[in-house]
Amino acid sequence: MSILEVHDVSIRYMTGDFKEIGLKEYVTRKLKGNYHVNEFWADKNISFTLEKGDMLGIIGANGAGKSTLLKVVSGIMEPTGGYVKREGNIAALLELASGFDGDLTVRENAYLRGAMLGYTRRFMDEKYDEIIDFAELRGFQDRPFKQLSSGMKSRLAFSIASLVVPDILILDEVLSVGDGAFRAKSEAKMKEIIAGGAATILVSHSIQQVRELCTKVLWLDHGRQVELTEDVQGACERYEQFLKKK
């Protein structure tokens, strides 16, 4: 039985000049039939299913529709067409460094982020040392968060978000945070979560990561589904050849 089903999902953005021209001009143009709204389809008719333990790598150049699709899968956005069916709890690691307060300390931000993710104060008390040690921020706990490098901020966010094992895990370029040693530790943590039965989606520009971690590949190009396959190595090779021809 699938734990995640994405069926014929399409996402449309509407763009027009209403905000630029004002209400009066909008009404005038509307009456004259001279008002135009442009449609942009970020994703069109995307379908896939995941079972427990599956890891889907989504590949594609910038503007392919990857991050928009993740927002729909995670429930942040509603699709224009199609549907998403989820079973169990879902954790989405998107835009890791967002949602923190730069003037609060690292310690205070850890508790703040934990609360945003639904963790109790007692749970955070029990896990705090584990979070700080995994993020390698033991010597920075009482510094203002804004003094951290972008890599440090992402490490803290990753450490907090990966505390629990969800049924569905969504990762958007989060395994590239930190230096090589931390990336290896992050990948090991993800493998541990996957081994626990989570169905995982990974968006990464690192084809090597997709090769090493994923069991399926979804290739997107300008919002359309080019390929969905379990032939991970073959899909990665075809995608690399596609990039060389661009």
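The helix and strand inventory of the protein chain stands at eight helices and nine strands. Taken along its principal axes, the extent of the C-alpha atoms in the protein chain is 65 × 50 × 40 Å. Put simply, the protein chain has 246 residues, and 44% of those count as buried. Relative to all contacts within the protein chain whose residues are 6 or more apart in sequence, the contacts with residues 24 or more apart total 72%. Total accessible area on the protein chain stands at roughly 12700 Å², and carbon and sulfur atoms take up 49% of it. In the protein chain, 33 side chains carry a positive charge and 35 a negative one; their mean positions are 4 Å apart.

Take the pairing of strand β7 (residues 199-203) next. Along any regular strand the residues' side chains alternate between the sheet's two faces. Counting buried positions along β7 yields five of five residues, so the element is predominantly enclosed. A two-sided burial pattern is seen for β7, the buried positions comprising A199, I201 and V203 on one face and T200 and L202 on the other. Sheet topology note: the strand β3 (residues 55-59)/β7 ladder contains four bridges and is parallel. What sits directly across from L56, in β7, is I201. With five bridges joining them, strand β6 (residues 168-172) and β7 adopt parallel strand pairing. Across the sheet, I170 pairs through a bridge with I201, a residue of β7.

A separate point is the pattern of salt bridges. This structure, assessed with the given rule, holds 15 salt bridges. Between D103 and K146 there is a salt bridge, and its shortest N-O distance comes to 2.9 Å. In this pair, D103 sits in the loop between β5 (90-93) and α3 (106-116) while K146 sits in the loop between α4 (121-135) and α5 (150-161), placing the two residues 43 residues apart along the sequence. Taking the relative accessible area as the measure of exposure, K146 reaches 54% and is therefore exposed. With its nearest N and O atoms 3.0 Å apart, the salt bridge here joins K185 to E136. Taken together, the positions of K185 in helix α6 (residues 180-195) and E136 in the loop between α4 and α5 put the pair 49 residues apart, joining distant regions of the chain.

Throughout the structure, instances matching the rule amount to zero disulfides. Summary of cysteine pairing: C214 is not part of a disulfide, and the nearest cysteine sulfur, belonging to C236, is at 7.6 Å. With relative accessibility at 0%, the residue C236 sits in the buried group.

Moving on to the nonpolar core. Counting residues in hydrophobic clusters, the biggest one holds 26 residues, and the most contacted among them are M55, I59, L169, L171 and V210. Taken together, the elements giving at least two residues each to this core come down to β3, β5, α5, β6, α6, α7 (207-213), β8 (216-221) and α8 (232-245). Apart from residues lying up to four places away in sequence, I59 is in contact with K66, S204, I207, V210, V217, L218, W219, L220, A235 and Y239. Listed in part, the 24 residues of the second largest apolar core include V72, V84, I201 and L218.

Definitions and cut-offs
- Residues numbered from 1 in each chain as written.
- Predicted model: local features only at pLDDT ≥ 70, side-chain atom pairs only at ≥ 80, totals over all residues.
- Heavy atoms only, no water.
- Helix = DSSP H or I, 4+ residues; strand = E, 2+ residues; numbered from the N terminus.
- Buried < 20%, exposed > 50% of the residue type's maximum accessible area, 1.4 Å probe, protein only.
- Contact = heavy atoms within 4.5 Å.
- Areas by Shrake-Rupley, 256 points an atom, 1.4 Å probe, with all protein chains shown as cover.
- Lys, Arg positive; Asp, Glu negative; His and termini not counted.
- Charge placed at Lys NZ, Arg CZ, Asp CG, Glu CD.
- Pairing = 2+ DSSP bridges.
- Salt bridge = Lys/Arg side-chain N within 4 Å of Asp/Glu carboxyl O.
- Disulfide = S-S within 2.5 Å.
- Core = buried A, V, L, I, M, F, W, Y, C linked by side-chain atoms within 4.5 Å.

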